[in-house]
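# Coordinates in review
Letter by letter, the chains look like this.
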Amino acid sequence: MALGFLDRSRTVAPPDWSRWLVPPAALAVHLAIGQVYAWSVFKPPLEGSLGLSGTQSALPFQLAIVMLGLSAAFGGTLVERNGPRWAMFVSMTCFSSGFLISALGVATEQFWLVVLGYGVVGGVGLGIGYISPVSTLIKWFPDRPGMATGIAIMGFGGGALIASPWSAQMLEWFGTGSGGIATTLFVHGVVYFGFMGLGVVLVRVPAPDWTPPGVPVQQSVGRPVAVSANNAVRTPQFWLLWLVLCLNVTAGIGILEKASPMITEFFSGTSMPVSAAAAAGFVGLLSLTNMLGRFVWSSTSDIVGRKNIYRLYLGVGALLYLTIALTTNSSTLVFVLCAALILSFYGGGFATIPAYLKDLFGTYEVGAIHGRLLTAWSTAGVLGPLIVNAIADSQEAAGKQGPDLYGMSLLIMMGLLIVGFVANEFVRPVHPRFHEPGVGQSEGSAAGDPAREGR
């Protein structure tokens, strides 16, 4: 009976089903798995209780991002075949179990169990959960794909806005020793299991002949262009977007993973040092801008085009990194504003990429294509924290402190964004030889539309 509940045929919406009920289902999953962005709250307690370095305490986060990309890449086809309810159930089970295994690891002071639980098992939950609603949302909102994916992926960016203060408060209640951290992780696992279950129950897919109300048929049908996942990876467009996503994520995730200790160390030698509470607030602010950027910038891309919006993410982002590098710790306000904007572009890049893929490849296997593209996130999940943490550790070993710990990292991030900007300029419509013969876009697409792509 449980397997029947998860069957794709059981999730087809009745004719009177409102498509606006689907985004809340997606948010239930994405708000939960977005907790990964609050990992920096656990770093100082873990380092203190288990004797870890900054690089070591980042391992569960880094591996979780690696597993996110790998599970999304290899599980994308399964998600398309089995449907969003099955995918959300798998995500819920793995993500919650990851917390329980990690709690056991901290309680027994076996850090490898934390890496296994949060990084591997939880990471699989991240990947399957992340892609689970994307294809479904695009099919429900073919007229506004940027807005639709922005709503869901906004939840992933905003998950830490809830998790960061919640986790910090629980650590204050239970303590920052191994017992307190373990209890906090256990509570996370139980609560997230129940919250994600709401999405599992609520999600639906549109009937094959469904079209959006009030949208002309010709707009719903679009141009008969469809590219399979296997063909997509053979196109230069796929790899250009892979590079764009990888570099944009690398530039943002390094700051996000180390946000709390970074702002504390950046201003430690000034007349206005940043307290632990203010640092936690900074993490929350970054989560807020990360979340809002996913909706605002992705929705804007429906108007200005995907290529143009990525010009903003990458070009202006590089200038913001340069601003931080030049002003160092002279102004807390400038640092916070620049970091907030960078994280809004970081989030916007995630939310816009599914619509960019839909414009180029159509909706035929966009979920599977999106999953394979997220291997760029796996790569960036290693590169970003590694660059920031390794350089900071080496500079600290050399006796440096404050902004000197991060100056080189900031310039590297600026350079990566410039390379991404150039890659985006080479994106063009997919050549017809990669299209699937005889496959139309019944779910709605304007694939290959230069206006959408921002050419």
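The chain carries the name OFA family MFS transporter in an unreviewed UniProt entry, which gives Prauserella alba as its organism. Recorded in UniProt under Subcellular location (unreviewed entry), the annotation for the chain is "Cell membrane".

### Here's the deal with the overall build of the chain
On a plain count of helices and strands, the chain comes out with 21 helices and zero strands. Relative to its length of 455 residues, the chain is compact, with a C-alpha radius of gyration of 21 Å against a globular reference of 23 Å. Projected onto its principal axes, the C-alpha coordinates of the chain cover approximately 65 × 50 × 35 Å. Per-residue burial for the chain yields a buried fraction of 59% across its 455 residues. Sequence separation of at least 24 residues holds for 85% of the intrachain contacts in the chain that already meet a minimum separation of 6. For the chain, the accessible area works out to roughly 16300 Å², and carbon and sulfur atoms hold 69% of it. Counting 23 positive and 21 negative side-chain charges, the chain places the averaged centre of each group 9 Å from the other.

### Notes on helix α13 (residues 236-257)
For α13, spanning 22 residues, the distance from its first C-alpha to its last is 31 Å, which sits close to the expected 32 Å at 1.5 Å a residue. Across the 22 residues of α13, 19 count as buried, placing the element largely inside the fold.

### So, the pattern of salt bridges
A complete count under the given rule lists seven salt bridges for this structure. With a closest N to O distance of 3.8 Å, lysine 43 and glutamate 47 form a salt bridge. Of this pair, lysine 43 and glutamate 47 both sit in helix α3 (residues 43-50), four residues apart, which is roughly one turn of the helix. Given the relative accessible area of 24%, glutamate 47 is considered partly exposed. In this structure, arginine 306 engages aspartate 302 in a salt bridge whose closest nitrogen and oxygen atoms are separated by 2.9 Å.

### As for the environment of serine 164
Within the secondary structure layout, serine 164 lies in helix α9 (residues 145-174). Along the primary structure serine 164 and alanine 38 are separated by 126 residues, whereas in three dimensions their C-alpha atoms are 5.1 Å apart.

### Quick word on the environment of glycine 69
Locating glycine 69 in the fold gives a position in helix α5 (residues 59-82). For the pair glycine 69 and tryptophan 377, spaced 308 residues apart in sequence, the C-alpha separation works out to 5.8 Å. Glycine 69 has contacts with Gly371, Leu374, Thr375 and Ser378, leaving out every residue within four places of it along the chain.

### Structural notes on the packing of aromatic side chains
Tallied over the entire structure, the rule returns 23 aromatic pairs. Here the aromatic rings of phenylalanine 95 and phenylalanine 99 are separated by 5.1 Å at their centres, their planes lie at 90°, and the arrangement is edge-to-face. Remark: phenylalanine 99 and phenylalanine 95 occur in helix α6 (residues 84-107); sequence separation between them is four residues, near one turn of the helix. Owing to a relative accessible area of 3%, phenylalanine 95 belongs among the buried residues under this scheme. Since its relative accessible area comes to 1%, phenylalanine 99 is described here as buried. Aromatic side chains tyrosine 313 and phenylalanine 345 sit 6.0 Å apart centroid to centroid with 40° between the ring planes, which places their arrangement in the tilted category. You can see tyrosine 313 sitting in helix α16 (residues 306-327) and its partner phenylalanine 345 sitting in helix α17 (residues 332-361), a full 32 residues away along the chain. Comparing tyrosine 313 with phenylalanine 345, the two get one shared label, buried. Taken together through their ring pairs, the aromatic side chains of Trp39, Phe42, Phe95, Phe99, Tyr118, Trp166 and Tyr192 make up a single cluster. Geometry around tryptophan 17 places arginine 204 over its ring, the cationic atom sitting 4.6 Å from the centre.

### What about helix α14 (residues 259-266)?
With six of its eight residues buried, α14 lies for the most part within the structure. Burial in α14 covers these residues: Ala259, Ser260, Pro261, Met262, Ile263 and Phe266. Looking at the packing, one finds that the buried side of α14 touches α13, α15 (276-304), α16, α17 and α20 (407-425).

Conventions adopted
- Residues numbered from 1 in each chain as written.
- Predicted model: local features only at pLDDT ≥ 70, side-chain atom pairs only at ≥ 80, totals over all residues.
- Heavy atoms only, no water.
- UniProt positions renumbered as here; feature names shortened; annotations may be inferred.
- Helix = DSSP H or I, 4+ residues; strand = E, 2+ residues; numbered from the N terminus.
- Rg over C-alpha atoms; globule rule 2.2 N^0.38 Å.
- Buried < 20%, exposed > 50% of the residue type's maximum accessible area, 1.4 Å probe, protein only.
- Contact = heavy atoms within 4.5 Å.
- Areas by Shrake-Rupley, 256 points an atom, 1.4 Å probe, with all protein chains shown as cover.
- Lys, Arg positive; Asp, Glu negative; His and termini not counted.
- Charge placed at Lys NZ, Arg CZ, Asp CG, Glu CD.
- Expected span 1.5 Å × (residues − 1).
- Salt bridge = Lys/Arg side-chain N within 4 Å of Asp/Glu carboxyl O.
- Phe/Tyr/Trp six-rings, centres within 6.5 Å; stacked < 30°, edge-to-face > 60°.
- Lys NZ or Arg CZ within 6 Å of the ring centre and 35° of its normal.

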